Amino acid sequence: MVLGGRYGAQGRRRQLYVCNMPKPGSTASFHRFSAPLTVPYPRAEPAGGQTNEDRAKEAEELRTARKYQFTAYDIASGLVLVSRGISYAQAGHDVRERAARRWGPAVAGDAARRHGTLVSDWVEVYAEALWRAQAPCQEAWPDTVLVGVLPLLAPGPGGRGGAPALAFSVFVALTHRPRGRPAIFAIRLSTGTGAAHWASFLEELDRERTGAPTRVVGDGSPALATAVRQVWPAEGGADTARPVLWYDEHLLREEARRICRRHGLDRREGRLWQTLQRGWRGRADWDAFASEARRHAVPDLDRWLALAGPVMERQLAARDRGRPVSRRPVRAALAELERRLGARRAAFGNRARTERLLRLMALDVSGVARVHAWADLICVWLERSGGRPASSQRRIADRGGRSSLRSRADVGGSPDHRAP
């Protein structure tokens, strides 16, 4: 593929390319193409004295936001970059560089700029529209909800040498789409991980949705159990039934393994270790493991079994092959979010903008972030509003040097910085 000249009106020239492969359905040995146009140039002579060039310019502006120097494709490209963990500054540089190759530096701005204002402003304006268009379960609760929390630590006031303190926590809720792929349908920021923070997260989700989930799959923490009882206090009636709390069986198995390793009971040929690996497959395997664990009479293992036994009895009786209950997607999503936030966690200060960035990341983790798809959604959203975004940029900026993300006013009571 090589450059094949330019076309278009002065000041809005576009690059043509030549590909040495035949176009599908053509007998020619090569074909020319350009980056996808947002709208075609009008063919008929327009009425009202407008030229074709005026009409094309006006139509193209509707495919971005008016007064923006970048197309919807540029905006979508920048948003996809930051959704995958690229910094605002690097994403802005890449977008300007790409636009400068198409329109020229005079139109696209200085491609050497490295500040992140350009793309962070797009996150503020467009992230909510993309989230509403692609996130599942925005109107009603799904049947099974997988939940988790990611506490993010940052250096304390003393700098790198100080003890790490909680910067903020990220709460997520996932469900399985009809075809089986898990997707994040809710993501929120908080200042802690205790029962009050769990309750605030679940209450906000419940206000936005009808019905109630049948099952909430968590890590078995007392904080989550308290929050579920607070948000869904009634236990009678089809419309007010409390969701069943489901303990992540992977965590149960990992705790049993840690106890066995601590006491030297992790020999691969040992019967206890063998039955432990198979114990979660079904009732017979669990009974075999529990019997073997009691035979060893290890106090730590007996205490663990006294807590895990009733949980497994209940969950084995309620297992349904049609309902995935593994929290593996939650663990994978939280690990990916932690990787993408990385060392930048201490730099985030604006709560609303950080939440919108996290929603873009959640869409990408769920597998729906695509540049062309997002460009189309942005175009549709802008056309509905006459080419103008519903809100102006930097409306959610923090004032007076105060960080809205570090504020402790999101829940009542003192925050609990410990992960459950």
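Here, every reference points to the structure presented above.
Just so it is clear, the structure is predicted and the values come from calculations on it, not from any experiment.

A. Representation of the packing of helix 2 (residues 72–83) against helix 14 (residues 371–384). For the pair helix 2 and helix 14, the least separation of the axes is 8 Å and the interaxial angle reads 125°. When the interaxial angle is binned, helix 2 and helix 14 end up oblique. At the point where helix 2 passes helix 14, the crossing takes the right-handed sense. Facing helix 2, whose interface residues are Ala 72, Tyr 73, Ile 75, Ala 76, Ser 77, Leu 79, Val 80 and Ser 83, helix 14 presents Val 371, His 372, Trp 374, Ala 375, Ile 378 and Cys 379. Here the residues of the contact of helix 2 with helix 14 are counted per class, giving 11 nonpolar, 3 polar and no charged.

B. The packing of helix 9 (residues 271–278) against helix 10 (residues 283–296), seen in detail. The contact between helix 9 and helix 10 brings their axes to 8 Å, and the two run at 150°. For the element pair helix 9 and helix 10, the recorded crossing hand is left-handed. Across from Arg 271, Leu 272, Thr 275, Leu 276 and Arg 278 in helix 9, the residues of helix 10 making contact are Asp 285, Ala 288, Phe 289, Glu 292, Ala 293 and His 296. Residues that form the contact of helix 9 with helix 10 fall into these classes: 5 nonpolar, 2 polar and 4 charged.

C. Main features of the sheet that holds strand 6 (residues 182–190). Taken in spatial order, the 5 strands of this open sheet run 6-5-4-7-8, and their pairing is mixed. Across the chains shown, the open sheet's two edge strands, defined by having one partner strand only, are strand 6 and strand 8 (244–247). Mean inter-strand twist for the sheet, computed between neighbouring axes without regard to direction, equals 25°. As paired elements, strand 7 (residues 215–218) and strand 8 share 4 bridges and run parallel to each other. Bridge pairing links Gly 218 to Tyr 247 in strand 8. Across the sheet, helix 13 (residues 351–365) touches strand 5 (165–176) and strand 6, and the angle it forms with strand 6 is around 165°.

D. Summary view of the sheet that holds strand 1 (residues 2–7). Here 3 strands make up an open sheet; going across it, the order is 1-2-3 and the pairing antiparallel. Strands at the two margins of the open sheet, each flanked by one partner only, are strand 1 and strand 3 (31–33). Between one strand axis and the next, the sheet turns through 30° on average, direction left out of account.

E. Quick peek at the pattern of salt bridges. Going through the model one piece at a time under the given rule, you end up with 22 salt bridges. For Arg 303, the salt bridge identified is with Asp 300, shortest N-O distance 2.4 Å. Of this pair, Arg 303 and Asp 300 are both found in helix 11 (residues 299–317), 3 residues apart, which corresponds to roughly one turn of the helix. Residue Arg 303 is classed as exposed on the basis of its relative accessible area of 52%. Note that Glu 336 and Arg 340 form a salt bridge whose closest N and O atoms lie 2.8 Å from each other. Of this pair, Glu 336 and Arg 340 are both found in helix 12 (residues 328–341), 4 residues apart, which corresponds to roughly one turn of the helix. In this structure Arg 340 comes out as buried when scored by relative accessible area, which is 9%. Among the charged side chains, a network of salt bridges with common partners joins Arg 84, Glu 336, Arg 339, Arg 340 and Asp 364.

F. Representation of the side chain of Arg 188 within the structure. By the element assignment, Arg 188 lies in strand 6. Separated by 3.0 Å, the side chains of Arg 188 and Glu 204 make a polar contact. Among the polar contacts listed, one links the side chain of Arg 188 to the side chain of Glu 208, at a separation of 3.0 Å. When near neighbours in sequence (up to four residues on either side) are disregarded, Arg 188 contacts Ser 169, Val 170, Phe 171, Phe 201, Glu 204, Leu 205, Glu 208, Glu 355 and Arg 359.

G. The arrangement of the environment of Leu 305 in detail. Examined against the element boundaries, Leu 305 turns out to sit in helix 11. Residue Leu 305 is classed as buried on the basis of its relative accessible area of 6%. Apart from residues no more than four positions distant in its own chain, Leu 305 is found in contact with Trp 286, Ala 290, Ala 293, Arg 294 and Pro 310.

H. View of helix 14. In a regular helix each residue adds 1.5 Å, so 14 residues correspond to 20 Å; helix 14 covers 20 Å between its end C-alpha atoms and thus fits that length. Directly after helix 14, the chain includes Gly 386, whose backbone phi takes a positive value near 70°.

Parameters at a glance
- Residues numbered from 1 in each chain as written.
- Predicted model: local features only at pLDDT ≥ 70, side-chain atom pairs only at ≥ 80, totals over all residues.
- Heavy atoms only, no water.
- Axes fitted to C-alpha atoms, helices over the stretch in contact; angles between N-to-C directions.
- Helix = DSSP H or I, 4+ residues; strand = E, 2+ residues; numbered from the N terminus.
- Parallel < 35°, antiparallel > 145°, perpendicular 65-115°, else oblique.
- Left-handed = near helix turned anticlockwise from the far one by under 90°.
- Contact = heavy atoms within 4.5 Å.
- Nonpolar A, V, L, I, M, F, W, Y, C, P; charged D, E, K, R; others polar.
- Pairing = 2+ DSSP bridges.
- Salt bridge = Lys/Arg side-chain N within 4 Å of Asp/Glu carboxyl O.
- Buried < 20%, exposed > 50% of the residue type's maximum accessible area, 1.4 Å probe, protein only.
- Polar contact = N/O pair within 3.5 Å; in protein donor to acceptor, adjacent residues only side chain to side chain.
- Expected span 1.5 Å × (residues − 1).

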